[in-house]
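Commentary on secondary and tertiary structure
Now for the letters of each chain:
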Amino acid sequence: AATGRARPMGEVYSRDFKGDASSHKAWMDERRSRISSKRSIKVALKDMDVTIKGDKATVKFHQSYSADSLNVSSRKTLELVKSGSRWVITREATS
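Residues numbered from 1 in each chain as written. Predicted model: local features only at pLDDT ≥ 70, side-chain atom pairs only at ≥ 80, totals over all residues. Heavy atoms only, no water.

**Description of the overall build of the protein**
Cut-off, in case you're wondering: Put simply, DSSP marks the helices as runs of H or I at least four residues long and the strands as runs of E at least two long, and each gets a number from the N terminus on. Buried means the residue's accessible area, taken with a 1.4 Å probe over protein chains only, is under 20% of the maximum for its type, while exposed means over 50%, and partly exposed covers the values in between.
Helices and strands together make up the secondary structure of the protein, namely 2 helices and 4 strands. Secondary structure of the protein in N-to-C order comes out as α-α-β-β-β-β. Each of the 95 residues in the protein was classed as buried or not, and the buried ones make up 21%.

**Describing the sheet that holds strand S2 (residues 56-67)**
As a reminder of what qualifies: Whether two strands pair depends on DSSP finding at least two bridges between them. In this analysis an axis means a line fitted to C-alpha atoms, helices contributing only their contacting stretch, and an angle means the value between N-to-C directions, from 0 to 180 degrees.
Strands sit in the order S1-S2-S3-S4 across an open sheet of 4 strands; the sheet is antiparallel. Looking at the sheet topology across the chains shown, the edges are occupied by strand S1 (41-53) and strand S4 (86-94). On average, each strand axis in the sheet is inclined to that of its neighbour by 25°, with strand direction left out of account.

**Things to note about the environment of Arg 15**
Here Arg 15 lies in the loop between helix H1 (9-12) and helix H2 (24-36). Each C-alpha atom, one on Arg 15 and one on Ile 89, is 9.2 Å from the other, the two residues being 74 residues apart in sequence.

**A closer look at H2**
Stated precisely, the cut-off is as follows: To estimate the expected span of a helix, count its residues, drop one, and scale the result by 1.5 Å. What the arc covers is the set of directions going from the helix axis to the C-beta atoms.
Its 13 residues place the ends of H2 18 Å apart at the C-alpha level, agreeing with the 18 Å of an ideal helix rising 1.5 Å per residue. Of the positions making up H2, those classed as buried are His 24, Trp 27, Met 28 and Arg 31. Taken around the axis of H2, the buried residues stretch over an arc of 95°, which confines them to a single face. Opposite the packed face of H2, turned more than 90 degrees from it, sit the exposed residues Lys 25 and Ser 36.

Okay, here's the thing in structure tokens:
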């Protein structure tokens, strides 16, 4: 599995992304709180499929997520758009 420095969430998600929250700021605050409360987090990705059409991309993969006593495996789909020289997440779904 590839490893590297994680980019800050503000660089990865579109400023319009809000998940199930009322605003992007509310989503970021809730997400930071949930992540910072964990002693350790481990994420592994496999079976990745990337489709790029112009300035939009869809990424589908299987994610194994472990944090403290929580262990979850799921299929995730991310939709991204190119913003300047980088790609940002505009939507994510888990099944």
